[in-house]
Amino acid sequence: GLLAHVLVSKYADGLPLNRQERIFKRHGLEISRATLCDWALMSTELFGRLLELLKQHVLGSPVIFADDTTLDLILGGRGAVCTARLWAYLSAGHVRDPEGPWREYPKAAYFEFTQTREAIHPTRFLEGYRGYLQADDYAGYHATFRTGRVLHVACWAHARRRFFEIAKAQKPPGLAAQALRFIGALYEIEGRAKEHPPDGRLAMRQAESVPLLSEFRRWLEGHYRTLLPQGPLGQAVSYVLSNWQALMRFTENGILAPDSNLVERAMRPIANGRKAWLFTASPRGGRAAAAAFSLIETCRLNAVEPFAYLKDV
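In this numbering scheme, every chain counts its residues from 1 along its sequence in written order. pLDDT decides what is reported in this predicted model: residues at 70 or higher carry local features, side-chain atom pairs at 80 or more are listed and counted, and totals for whole chains, interfaces and linings draw on all residues regardless. Here the side-chain values reflect all heavy atoms present in the structure, with hydrogen atoms and water set aside.

Undergrad: I keep staring at the nonpolar core and nothing clicks. Help me out?
TA: A general tendency of soluble globular proteins is for nonpolar side chains to be buried together. Joining through side-chain atoms within 4.5 Å is the link that ties buried Ala, Val, Leu, Ile, Met, Phe, Trp, Tyr and Cys residues into a set, and such a set is a nonpolar core. Buried residues are those whose accessible area, probed at 1.4 Å on protein chains only, stays under 20% of the maximum for their type, while exposed residues exceed 50% and partly exposed ones sit between those limits. Judged by nonpolar contacts, the single largest core of 89 residues is most densely connected at L90, L133, W156, F163, F216 and V240. Helix and strand labels come from DSSP, where a helix needs a run of H or I of at least four residues and a strand needs a run of E of at least two; each type is numbered from the N terminus. Among the elements that make up this core, the one with the highest residue count is helix α13 (residues 283–301) (nine residues). Residues are treated as being in contact if the distance between any of their heavy atoms lies within 4.5 Å. What V240 contacts, discounting residues up to four positions off in sequence, is W156, A159, F163, L220 and L247. Core analysis: the next-biggest nonpolar cluster, separate from the first, contains five residues, V6, F24, I31 and L36 among them.

Take a look at the structure:
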């Protein structure tokens, strides 16, 4: 229970080990930060067997959501800091038994720590995978898409964000605000469609979303020739048009989502924790963080209380 408490406090609640040391001391318990660190490292290394199963479960999903975020890494005790990465891969989607109803594929999260953001890392993870990848337009995924095994599903939330930042600064409202209205109408359809199983969702998208997006594309192409290519609005329009096929892909299958918000929500505990514990002191610590986040976030996705789960493990 004490080991589970230390892990949940750091990786779910964002309490760095030095704060935990002070909290324990207030309760009359002297536990050094070095001891807490050793406990976190060794506990997460015991998760190895579970993590391999978790990875295989994610790779068996019809849809994988992917994203990455930064993590400062102190190199070799020299005080030099490099920017390492935590990659998140989430299982999602629905599967259908022969002649049976749709059922949701169980959600799970698998995090991986790497010292660089090279394309070799997602390429290695996705080697052999067949299905859909919901992700941004990071160039490191392109080699995987070229194999034809994995289809890219781009994120409308990323596209919307570009127009939103411009619209905030435009007085009176201009073209960016008009683009937001198109995307808002798309999400209004999605709000109704999500109440249906995948077949019904697909039918609604084909009947309503596809005509709306066709009109939006004509609008984008009409205005793009009047914009400065390197201006903020020109770049926003260019991003949408250059990723159009991947942005439309969610209309081709009812198990897909219009955005990658699921994985972005899974990254929030990392961002919150990073503000508190600031960095990882070694690659071993980065792997420990990946292991802890994998199990704790999988608990959250399945409405399981993480302290009780880790204590049981």
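After that view of the structure, there is still more to cover.
Undergrad: Explain the packing of aromatic side chains to me, please; I cannot follow it from the model alone.
TA: Note on aromatic pairs: each is described by the distance of the centres and the angle between the planes. By convention, a stacked pair of Phe, Tyr or Trp rings (six-membered ring in the case of Trp) has centres within 6.5 Å and planes under 30 degrees apart, an edge-to-face pair has planes over 60 apart, and any other such pair is tilted. Inspection of every chain in the model, using the stated rule, returns 12 aromatic pairs. Between Y138 and Y141, the ring centres sit 5.2 Å apart and the planes meet at 85°, which makes this aromatic pair edge-to-face. The class for Y138 is buried, based on a relative accessible area of 11%. The cationic tip of R117 hangs over the ring face of Y138; the distance from NZ or CZ to the ring centre is 4.1 Å. Only lysine NZ and arginine CZ atoms are considered, and such an atom sits over a ring when it is within 6 Å of the ring centre and within 35 degrees of the ring normal. Above the ring of Y239, the side-chain terminus of R162 is found at 4.0 Å from the ring centroid.

Undergrad: So what exactly am I meant to see when it comes to helix α10 (residues 232–242) here?
TA: Among the residues of α10, L233, G234, A236, V237, Y239 and V240 are the ones counted as buried. Check the buried side of α10 and you find it contacts α7 (156–169), α8 (175–193), α9 (198–224) and α11 (244–248).

Undergrad: I keep staring at the packing of helix α1 (residues 2–11) against α13 and nothing clicks. Help me out?
TA: The relative placement of two packed helices is expressed as an angle between their axes plus a distance between the axes. With axes taken as lines fitted to C-alpha atoms, and helix axes fitted only over the stretch in contact, angles between N-to-C directions fall between 0 and 180 degrees. Their axes nearest at 10 Å, the elements α1 and α13 cross at an angle of 95°. Classed by the angle they form, the pair α1 and α13 counts as roughly perpendicular. On α13, the residues that touch L7, V8 and Y11 of α1 are A288, A289, A292, F293 and I296. Across the contact of α1 with α13, the residue classes break down as eight nonpolar, no polar and no charged. Should an angle lie under 35 degrees it is considered roughly parallel, over 145 roughly antiparallel, and from 65 to 115 roughly perpendicular; all remaining angles are considered oblique. Three residue categories are used. Nonpolar comprises Ala, Val, Leu, Ile, Met, Phe, Trp, Tyr, Cys and Pro, charged comprises Asp, Glu, Lys and Arg, and polar comprises the others, including Gly.

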